[in-house]
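Structural characterization, general
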Amino acid sequence: MIQDCYSLLISTSTFNNNGSRGMDLLGNSRGLVFDGCYTNANNDDGINIGGTCSAINITDCVVSRNDAKGLDIESSGVLSVVTDSCTIPANGQDGIDYAGHEKRAPNCIVTYNGG
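Quantities reported herein were computed from a predicted structural model and do not represent experimental measurements.

1. Points about the environment of N17
Topologically, N17 is positioned in the loop between β3 (14-16) and β4 (23-26). As for N17 and T39, which are separated by 22 residues in sequence, their C-alpha atoms are 8.5 Å apart. Sequence-distant contacts of N17, defined by excluding residues within four places in its chain, comprise N40, A41 and N42.

Written out as structure tokens, the structure reads:
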């Protein structure tokens, strides 16, 4: 779990077969960027973002076969969420859950999710 950072870039990283969430980010942040990441077969959400974050960019990621949601954006105060060119298949619940924020996923493949 990562908590309270000014900004964070996670690039070309793999989060696989964790006993809980693949990536769990809580607290306050100005911006989060995930680029080219792979999160697969985790026992909860693939990526969970909570707390307060003003901008979230998720590009060229694969989020697959997680037991719960692929992307779970619970963050309040979000001004911008961009999910672009991602593949989000076969998660146990929703592929993408933006918790009241507009779902925009251009150029993404979101398919065969349970939610």
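2. Quick notes on the nonpolar core
Counting 22 residues, the largest nonpolar core has L32, F34, I47, I49, I56, I58 and L71 as its most contacted members. When contributions to this core are tallied by element, the ones reaching two or more residues are β4, β5 (28-35), β7 (47-49), β8 (52-59) and β10 (71-73). If one sorts the elements of this core by residue count, β8 sits on top with three residues. The contacts of L71, once residues within four sequence positions are left out, are I47, I58, V63, T83, I88, G95, I96 and D97.

3. So, unusual backbone geometry
The phi dihedral of T12 is positive, around 40°, even though this residue is not glycine. Structurally, the position occupied by T12 is in the loop between β2 (7-11) and β3. Residue T12 is classed as exposed on the basis of its relative accessible area of 65%. For Y112, which is not a glycine, the phi torsion comes out positive at approximately 55°.

Definitions and limits used
For every chain, the first residue of its written sequence is number 1, and the numbers climb from 1 along that sequence. Restriction of local features to residues with pLDDT of at least 70 applies here, the model being predicted, together with a cutoff of 80 or more for giving and counting side-chain atom pairs; totals for whole chains, interfaces and linings are based on all residues. To get the side-chain values, all heavy atoms of the structure are used, and hydrogens and water are removed first. Helix and strand labels come from DSSP, where a helix needs a run of H or I of at least four residues and a strand needs a run of E of at least two; each type is numbered from the N terminus. Whether two residues are in contact is decided by their heavy atoms, any of which lying within 4.5 Å being enough. Put simply, buried Ala, Val, Leu, Ile, Met, Phe, Trp, Tyr and Cys residues joined by side-chain atoms within 4.5 Å make one nonpolar core. The buried label goes to any residue with under 20% of its type's maximum accessible area, the exposed label to any with over 50%, and the partly exposed label to all in between, with areas taken from a 1.4 Å probe on protein chains only.

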